[in-house]
Amino acid sequence: MNNRNYNIYFSTHTISGIICCALLYVIFFAGSFSFFKDEISAWQSNVSYEKNNQQAFPYRTLLDSLDKQYDLSGRDIFLYFSPNSPNTYVSITPSQDTIQNKKANERAYFNYNAVTKQEKTYKESYDLGEFLYRLHFLAQLNQVPLHIGYPFGYLVAGLVAFLFLFALITGLLLHWDKLVSNFFVFRPWSKLKTIWTDIHTALGVIGFPFQFIFAFTGVILIVNTVFLTPFSKLLYQGNMDKIYEDLEYTTTIDSPFQNKPLHAVPDIQAGIQQAQQQWPDAFLKRVTLKNYGDASMRLAIEVEAPTHQRFAGTGKIIYDLSTGKVIQQQSPYTSPTYISAIKSFIYHLHFGDYGGYFVKIINFIMGIVGCVVIVSGILIWLVARDKKNVPVHKRKFNTWLAHIFVAICLSMFPVTALTFIVVKVTGGSGQSFIYPVYFYSWLAFTVYYILRRSLDRTNRETLLIGAILSLAVPIVNGIYGNTWLWQSYTNGAIDIFFIDLFWLLLSVITFIAYLKIVKRRRHAVEKQVLPVQKHDEVSTFV
Amino acid sequence: MPANKKYLTTSILQRWLKITAGFFGGYGVMISFFLMLSYFFEKKNVMITGVAIGYILWAVLLLFAFLARSGWKIWLIYLILITLFALPHLLNA
């Protein structure tokens with residue numbers, strides 16, 4: 001490789017990396033936990049999905065109670081189901097029957113728990129699973145009042161994902177020539193800088209395919225509008241809805257409101273049962289009722305082929321409820337369209353939902369490997385610039401920046417464990433509870449470690465505190481949730497059991513890492529291999 | 001060992017030209033490329049392909065701009081490419 005190209009890859013890799021590193025760490029860390037979003041929700045609410053998933057969804061009861069509450073005539077009702085969770089989102093549009101229906105202008109959007117039969121608003125039903133899932137695409141930043149035509153947090157997350165994609169490409173090119181030889185280089189007992197470099201290179205190269213998949217699918221999932229907007233303007237006369245319909249994101253049911261009430265509202269449960277009998281293993285994704293109680297009433301059922309059988313496959317069935325006839329039908333087991341194949345591919349790769357716990361655990365580990373690559377990258381950046389020929393003011397700035405970034409990143413582990421404990425002990429939930437607990441404790445940890453100005457201390461202490469708090473998570477669930485590990489296991493509440501076991505293992509692993517660090521540090525100080533400096537002492541991460 | 005400055009762009013103007021060419025020019029090239037394809041293939045299939053690989057293409061175009069010797073030249077190249085790719089649309093409109 002010529003020297004010029006090599007140095008350009010080097011420089012662009014460094015700059016794109018240092019710009020997005022802290023946010024990227026947040027995305028990776030929260031994203032790794034998000035693989036277990038539904039299990040975390042089950043753990044927090046102590047309502048296991050796996051124990052209750054045999055129960056049929058109570059359509060009749062739900063629709064009857066909604067009809068009493070809202071008067072459903074002339075409305076469209078959407079039920080969005082999610083796999084591995086009893087939580088269903090229900091959306092009710094205003095009624096087209098503005099004369100008979102007194103509440104025609106009202107609309108509703110809420111969360112319905114099929115096991116507890118409770119209705120909650122979105123903010124009330126907001127739990128830790130949802131919080132970490134949303135944090136991994138920076139949704140909380142959407143509340144920043146900047147009007148740029150797109151939610152601020154999503155835009156930042158999209159930009160970070162794009163820079164990450166760029167850093168991955170330049171990073172791979174940078175190591176291309178020595179890809180094989182460097183892969184086997186690991187010199188943990190030589191100079192500090194080579195430790196960071198070796199970690200960064202080895203883990204970066206091992207994790208490359210994984211990280212690339214997540215950068216590439218992530219940027220698509222968060223900002224596909226950046227690509228689609230010009231096309232909507234140029235080819236669709238600005239009609240974005242038509243694009244989403246063409247790309248099979250939405251199903252439109254063509255059935256204008258007739259304003260002729262049906263004598264009796266037909267049995268919806270029967271139609272759904274019929275679809276489920278037809279495709280027994282398919283996952284019911286969405287149920288739409290159009291023009292409720294009108295002669296034009298339609299029932300649309302959208303299903304997905306089970307991911308352990310096939311990666312892509314969407315099916316749907318639409319009934320005309322005035323006659324009970326099927327108008328449109330498409331099996332999820334026929335070969336999917338090109339569009340649906342690509343979309344399913346992107347979605348399942350990113351969510352890791354195609355191989356049960358095994359795939360999720362592998363993805364979690366690779367996500368944490370990504371976190372290590374990011375932190376070691378920050379440290380390389382710092383150590384490479386910590387030289388006598390670099391002006392003092394620049395070195396000061398660099399050290400501060402590294403302290404701030406590392407404090408933000410490494411605090412996330414104890415803060416996440418702490419929030420798990422707090423929600424269990426207090427029983428508090430909802431957005432207004434989780435936000436302050438998580439963000440203020442994160443702020444406190446971060447400020448403290450920035451002021452301590454020691455990367456070594458930040459690393460050691462966050463590991464130790466994280467390990468202790470992780471250990472406390474399953475214990476707290478036993479005491480305050482009345483669900484000890486063995487109880488949830490014997491009860492068949494595998495999702496709740498999994499989260500407790502998961503924290504227990506995390507605790508053991510981080511304890512071992514902590515002990516290793518302490519031991520090596522003592523060893524190094526004795527031998528004076530590692531002179532302890534007052535302000536910018538650095539030590540191993542993990 | 002930060003990158004050797006000898007090989008990097010030192011002029012601020014040049015650096016900005018390259019960054020803007022890569023980010024905005026690269027985006028334009030990427031979009032116009034798929035726009036052109038949409039005149040030869042099924043429109044919605046081209047769009048979903050673009051959704052899938054467009055960002056990678058854009059990132060590579062961003063890198064090309066940094067590899068270019070001159071910021072003016074890469075802007076010129078990208079503008080020519082955009083015009084070329086947009087031709088089917090401009091002729092049809």
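A quick note: this is a predicted structure, and the numbers were derived from the prediction, not measured.

Engineer: Let's hear about the state of the cysteines: which residues, and what values?
Structural biologist: Residues and elements named next belong to chain A. This model, assessed by the stated rule, comprises zero disulfides over all chains. Considering cysteine sulfurs only, Cys-21 is the nearest to Cys-20, which forms no disulfide, with 6.8 Å between them. Sulfur of Cys-21: no disulfide; nearest cysteine sulfur belongs to Cys-409 and is 6.3 Å away.

Engineer: Tell me about the sheet that holds strand β2 (residues 87–92) of chain A, and please be specific about residues and values.
Structural biologist: All names here are of chain A. The sheet built from eight strands is open, its strands ordered β4-β3-β2-β1-β5-β6-β7-β8 with antiparallel pairing. Strands with a single pairing partner mark the edges of an open sheet, and in this sheet they are β4 (118–120) and β8 (325–330). Ignoring strand direction, the axes of neighbouring strands in this sheet form an average angle of 20°. Bridge count between strand β5 (residues 283–290) and strand β6 (residues 298–304): seven bridges; the pairing is antiparallel. Within β6, the position partnered with Leu-289 by the bridge is Leu-299.

Engineer: Tell me about a nonpolar patch on the surface, and please be specific about residues and values.
Structural biologist: Residues B:Leu76, B:Ile80, B:Leu84, B:Leu87, B:Leu90 and B:Leu91 make up a contiguous nonpolar surface patch of about 610 Å² in total accessible area. Position of B:Leu76 relative to the elements: it lies in helix α3 (residues 71–92).

Engineer: Can you tell me about the environment of A:Tyr9, naming the residues and giving the values?
Structural biologist: Residues and elements named next belong to chain A. Looking at the element boundaries, Tyr-9 is found in helix α1 (residues 3–34). Assessed through its relative accessible area of 8%, Tyr-9 is described here as buried. Taking C-alpha positions, Tyr-9 is 7.0 Å from Leu-173, a pair spaced 164 residues apart along the chain.

Engineer: I'd like a rundown of the pattern of salt bridges, residues and numbers included.
Structural biologist: Any two side chains of opposite charge can pair if their charged atoms end up close together. Residues and elements named next belong to chain A. This model, assessed by the stated rule, comprises 12 salt bridges over all chains. Note that Asp-246 and Lys-242 form a salt bridge whose closest N and O atoms lie 3.0 Å from each other. Here Asp-246 and its partner Lys-242 are both found in helix α10 (residues 240–246), four residues apart, which amounts to about one turn of the helix. Note on Lys-242: relative accessible area 34%, which makes it partly exposed. Arg-395 serves as the salt-bridge partner of Asp-386, at 3.2 Å between the closest nitrogen and oxygen.

Engineer: Which residues make up the nonpolar core, and what values go with them?
Structural biologist: Residues and elements named next belong to chain A. Membership of the largest hydrophobic core comes to 133 residues, with the highest contact counts inside it found for Tyr-25, Phe-131, Phe-227, Phe-231, Met-412, Phe-420 and Trp-503. If one sorts the elements of this core by residue count, helix α9 (residues 192–235) sits on top with 16 residues. Setting aside chain neighbours within four positions, we find Tyr-25 in contact with Cys-371, Ile-374, Val-375, Cys-409, Leu-410 and Met-412. Of all hydrophobic cores here, the second largest spans 32 residues; its members include Leu-63, Ile-92, Phe-110 and Val-303.

Engineer: Can you explain the interface of chain A and chain B? Please cite residues and give values.
Structural biologist: On the chain B side, the residues contacting the 42 residues of chain A number 36 residues. Roughly 3800 Å² of surface becomes buried between chain A and chain B when both sides are summed, with 78% attributable to carbon and sulfur atoms. Linking chain A to chain B there are six residue pairs in polar contact (both at pLDDT 80 or more). For the side of chain A that touches chain B, the secondary-structure elements that each account for two or more residues are α1, α7 (152–175), α9, α10, α12 (338–351) and α13 (356–385) of chain A. If you tally residues by element for the side of chain A that touches chain B, the top one is α9(A), at 14 residues. When grouped by side-chain class, the residues that make up the side of chain A that touches chain B number 29 nonpolar, seven polar and six charged.

About the thresholds
Residues numbered from 1 in each chain as written. Chains lettered and ligands numbered in written order. Predicted model: local features only at pLDDT ≥ 70, side-chain atom pairs only at ≥ 80, totals over all residues. Heavy atoms only, no water. Disulfide = S-S within 2.5 Å. Pairing = 2+ DSSP bridges. Helix = DSSP H or I, 4+ residues; strand = E, 2+ residues; numbered from the N terminus. Axes fitted to C-alpha atoms, helices over the stretch in contact; angles between N-to-C directions. Patch = residues over 30% accessible without salt bridge, like charges linked within 9 Å, V, L, I, M, F, W, Y side chains within 5 Å. Areas by Shrake-Rupley, 256 points an atom, 1.4 Å probe, with all protein chains shown as cover. Salt bridge = Lys/Arg side-chain N within 4 Å of Asp/Glu carboxyl O. Buried < 20%, exposed > 50% of the residue type's maximum accessible area, 1.4 Å probe, protein only. Core = buried A, V, L, I, M, F, W, Y, C linked by side-chain atoms within 4.5 Å. Contact = heavy atoms within 4.5 Å. Buried area = accessible area lost by both parts, 1.4 Å probe. Polar contact = N/O pair within 3.5 Å; in protein donor to acceptor, adjacent residues only side chain to side chain. Nonpolar A, V, L, I, M, F, W, Y, C, P; charged D, E, K, R; others polar.

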